[in-house]
Amino acid sequence: MGEFGILPTDTVYGIVADSRDIKAVKRIYDVKKRPRSNPINILVSNENMIKSVTRNISYLERKAIKEFFPGALTIIFEKNKKISDIITAGLDTVGIRMPDNSFLLELIEYIRTSNCCNKL
């Protein structure tokens, strides 16, 4: 618990952690000296994972998912109750990104299905 890493994304190297591990999320804020009022995006590996962290996906959001994911785009969705306010800085929305990198997609899926944290 509390572990994080640095990985390449589509556009930059990012500090990443399992979004279910709030201790790790807090460490990202601390390491980056990021204000807690600045939300963190969640990386996903597939559309089912998007559905597991959001609610009320609109027709336009579905079109954007089909058109631009995977890719270098963050889409803002309504979050569901599973997503901590620490990640979203207390907002009712969450930024979701699906990287266009097969290794990263596999790693995200592995982390999501592992027993390291509470299941989404």
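Before reading on, note that the structure itself is shown above.
All values derive from a computational prediction rather than experimental measurement.

Colleague: Which residues make up the nonpolar core, and what values do they have?
Modeller: In this structure, Ile42, Val44, Ile50, Ile65, Phe69, Phe77 and Ile96 are the most contacted members of the largest nonpolar core, which totals 24 residues. When residues of this core are traced back to their parent elements, those giving at least two are helix H1 (22-32), helix H2 (47-53), helix H3 (59-68), strand S5 (74-79), strand S6 (93-97) and helix H5 (102-113). Beyond its immediate chain neighbours, meaning those up to four positions away, Ile96 contacts Ile42, Val44, Ile50, Val53, Thr54, Phe69, Leu73, Thr74, Ile75 and Phe77.

Colleague: Break down H5 for me, citing the residues and quoting the values.
Modeller: Taking 1.5 Å as the rise per residue, H5 with twelve residues should run 16 Å; its terminal C-alpha atoms sit 17 Å apart, in good agreement. Along H5, the positions that sit buried rather than exposed are Leu104, Leu105 and Ile108. The arc enclosing the buried residues of H5, seen along the axis, measures out at 100°, which places them on a common side. Of the exposed residues in H5, the ones pointing more than 90 degrees away from its buried face are Ser102, Phe103, Glu106 and Tyr110. Contacts made by the buried residues of H5 are with strand S1 (5-8), strand S3 (42-43) and H2.

Colleague: Any chance you could break down unusual backbone geometry for me, citing the residues and the numbers?
Modeller: In this model, Phe69 is joined to Pro70 through a cis peptide bond whose omega is -5°. Along the chain, the position of Pro70 falls in the loop between H3 and S5. Look at Asn56: it is not a glycine, yet its phi comes out positive at around 55°. Take Asn56: it is sitting in the loop between strand S4 (54-55) and H3. Judged by relative accessible area, Asn56 falls into the exposed class, the value being 52%.

Analysis parameters
The numbers attached to residues start from 1 for each chain and follow its sequence in the written order. Local features in this predicted model are restricted to residues whose pLDDT is 70 or higher, and side-chain atom pairs enter the listing and the counts only when it is 80 or higher, whereas totals over whole chains, interfaces and linings include all residues. For the side-chain quantities, the full set of heavy atoms in the structure was used; hydrogens and water were omitted. To define a nonpolar core, start from buried Ala, Val, Leu, Ile, Met, Phe, Trp, Tyr and Cys residues and group those joined through side-chain atoms within 4.5 Å. Summary of the burial criterion: residues with accessible area below 20% of their type's maximum are buried, those above 50% are exposed, and those between are partly exposed, where the area comes from a 1.4 Å probe applied to protein chains only. Each helix is a run of DSSP H or I of at least 4 residues and each strand a run of E of at least 2, with the numbering of both proceeding from the N terminus. Any two residues whose heavy atoms approach within 4.5 Å at even a single point are treated as in contact. Multiplying one less than the number of residues by 1.5 Å gives the expected span of a helix. Summarising the geometry, the arc corresponds to the directions from the helix axis toward the C-beta atoms.

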